[in-house]
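In case you want the letters, here they are:
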Amino acid sequence: MPTARTKVKRHPERGDYERETIDAILDEGLICHLGFVDSQPFVIPTIHARDGGTLYIHGSPGSRMLRAAKQGVDVCVTVTLLDALVLARSAYNHSMNYRSVVVLGRAVELTDREEKLRAMQRVVEHIIPGRWDDARQPSDAEIKGTTILALPLSEASAKVRSGPPIDDEADLALPVWAGLIPLGLRSAEPVAAEGVLGSPPIYATEYERA
């Protein structure tokens, strides 16, 4: 159920509070934005990963964002997927089809080695499924040198717009093209690093977000 903070007020018909919807958007998105206040408001893009009902955020211990967030301050994490440009007959009714999630709460720093290692695995697998088992595993120094925050998904909501343009009835007869321009994230052919031999793995050649 939505809380007073997550209930969608602008276009409430677009609000979706089902965990299935929220999880799917978080899992497809590659970048999130974390908002916090540390003497002034900041909104920082970063990488995330979901593990059940928990959202992981990771980075350097020197990160202002992570230093502030692990102090127990309120944070806001957003993920947005853009699906199409919506062209109406009138300029006023142009829009976009999108899927977005807002997560509110207070993050907790992970300190247990195994918990941190699992979170690091989830981040790698979130970005490129199948990569964790191929790559060298993090050393103790790398695990220690990484700050990982866990944010519960107990207060989250999604907002989704889909479908064609919504024109005013008076504009329907105008000789103006209207419709959708679908958008999507598409990968190109992998480029090998210097000194790498052999063909790229299938998760690189057939990479996609679903």
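Structure: see above.
Scope of this entry: the structure provided in the associated data block. Along every chain, residues carry numbers that run from 1 in the direction the sequence is written. Given that the model is predicted, a residue must reach a pLDDT of at least 70 before its local features are reported, and side-chain atom pairs must reach 80 or more before they are shown or counted; all residues, however, enter totals for whole chains, interfaces and linings. Note that the side-chain values use all heavy atoms of the structure and ignore hydrogens as well as water.

Before going further, it helps to examine the nonpolar core. In plain words, nonpolar cores are sets of buried Ala, Val, Leu, Ile, Met, Phe, Trp, Tyr and Cys residues tied together by side-chain atoms within 4.5 Å. A simple rule labels every residue: compare its accessible area, found with a 1.4 Å probe on the protein chains alone, to the largest value its type can have, and call it buried under 20%, exposed over 50%, or partly exposed in between. Of all hydrophobic cores here, the largest spans 25 residues; its most connected members are Leu 26, Leu 34, Phe 36, Val 77, Val 101, Val 103 and Leu 151. Of all the secondary structure elements, the ones that give two or more residues to this core are α1 (19–28), β2 (32–37), β5 (54–59), α2 (64–69), β6 (74–87), β7 (95–106), β9 (147–152) and β10 (156–161). For Val 103, the contacting residues outside a window of four places in its chain are Val 75, Cys 76, Val 77, Leu 151, Pro 152, Leu 153, Glu 155 and Ala 156. Listed in part, the nine residues of the second largest apolar core include Tyr 56, Leu 110, Met 120 and Ile 143. Elements are defined by DSSP. Helices are runs of H or I of four residues or more, strands are runs of E of two residues or more, and each kind is numbered from the N terminus. Two residues qualify as a contact provided that any one of their heavy atoms is within 4.5 Å of a heavy atom in the partner residue.

The next thing to look at is a nonpolar patch on the surface. Taken together, the side chains of Leu 82, Met 96, Ile 181 and Leu 183 present a nonpolar region at the surface, about 320 Å² in accessible area. In this structure, Met 96 sits in strand β7. In this analysis, a patch consists of residues with relative accessible area above 30% that form no salt bridge, clustered at 9 Å for like charges and at 5 Å for the nonpolar side chains Val, Leu, Ile, Met, Phe, Trp and Tyr. Values of accessible area rely on a 1.4 Å probe in the Shrake-Rupley scheme; residue burial ignores everything except the protein chains shown. For salt bridges, the criterion is a side-chain nitrogen of Lys or Arg within 4 Å of an Asp or Glu carboxyl oxygen.

Buriedness of a pocket was judged along seven lines, with at least five required to meet protein on both sides within 12 Å; pockets are open sets of points on a 1 Å grid over the protein atoms alone, cavities are sets where a 1.4 Å probe fits but cannot get out, and lining residues have an atom within 4 Å of a point. Grid points are joined across faces, edges and corners, and a volume is the space filled by probe spheres set on the points. Of the voids in this model, the largest pocket is the one considered here, and its volume is about 420 Å³. Lining the largest pocket are 17 residues; nearest its centre among them are Pro 190, Val 191, Pro 200, Pro 201 and Ala 204. Any residue that is not Ala, Val, Leu, Ile, Met, Phe, Trp, Tyr, Cys, Pro, Asp, Glu, Lys or Arg is counted as polar, Gly included; the first ten are nonpolar and the last four charged. Among the residues forming the lining of the largest pocket, the class breakdown is 13 nonpolar, three polar and one charged. By volume, the second largest pocket is sized at about 310 Å³. In this structure, the second largest pocket is lined by 16 residues; those nearest its centre are Gly 29, Thr 80, Leu 81, Leu 82 and Leu 185. Top contributing element to the lining of the second largest pocket by residue count: β6, with six residues. In the lining of the second largest pocket, the residues fall into seven nonpolar, five polar and four charged.

Next up on the list: the pairing of β7. Relative to β7, β6 runs antiparallel, the two sharing 12 bridges. Note that in β7 the partner of Val 77 across the bridge is Val 103. Strands qualify as paired when DSSP identifies two bridges or more between them.

Another aspect to go through is the side chain of His 48. As for its position among the elements, His 48 is in strand β4 (residues 48–51). On the basis of relative accessibility, which here comes to 0%, the residue His 48 falls in the buried class. Think of a polar contact as two N or O atoms within 3.5 Å of one another; within protein, one of them needs to be a possible hydrogen donor and the other a possible acceptor, and neighboring residues in sequence only count if both atoms come from side chains. Among the polar contacts made by the side chain of His 48, one reaches the main-chain carbonyl oxygen of Leu 26 at a distance of 2.8 Å. If we ignore the near neighbours within four places in the chain, the residues touching His 48 are Leu 26, Gly 29, Leu 30, Ile 31, Cys 32, Leu 55, Tyr 56, Ile 57, Val 79 and His 126.

This brings us to helix α3 (residues 113–127). Helix span is expected to be 1.5 Å times the residue number reduced by one. With 15 residues, α3 should reach 21 Å at 1.5 Å per residue; the first-to-last C-alpha distance of 22 Å fits that figure. All of the buried residues along α3 are Lys 116, Leu 117, Ala 119, Met 120, Val 123 and His 126. Taken together, the buried residues of α3 touch α1, β4, β5, α4 (140–144) and β9. Between the side-chain oxygen of the N-cap and the backbone nitrogen of Glu 114 there are 3.1 Å, and the N-cap of α3 in question is Asp 112.

Looking at the secondary structure, you find Arg 50 in strand β4. Relative accessible area serves as the criterion here: at 16%, Arg 50 is assigned to the buried category. Within the structure, the side chain of Arg 50 is placed 3.4 Å from the side chain of Asp 23, a separation counted as a polar contact.

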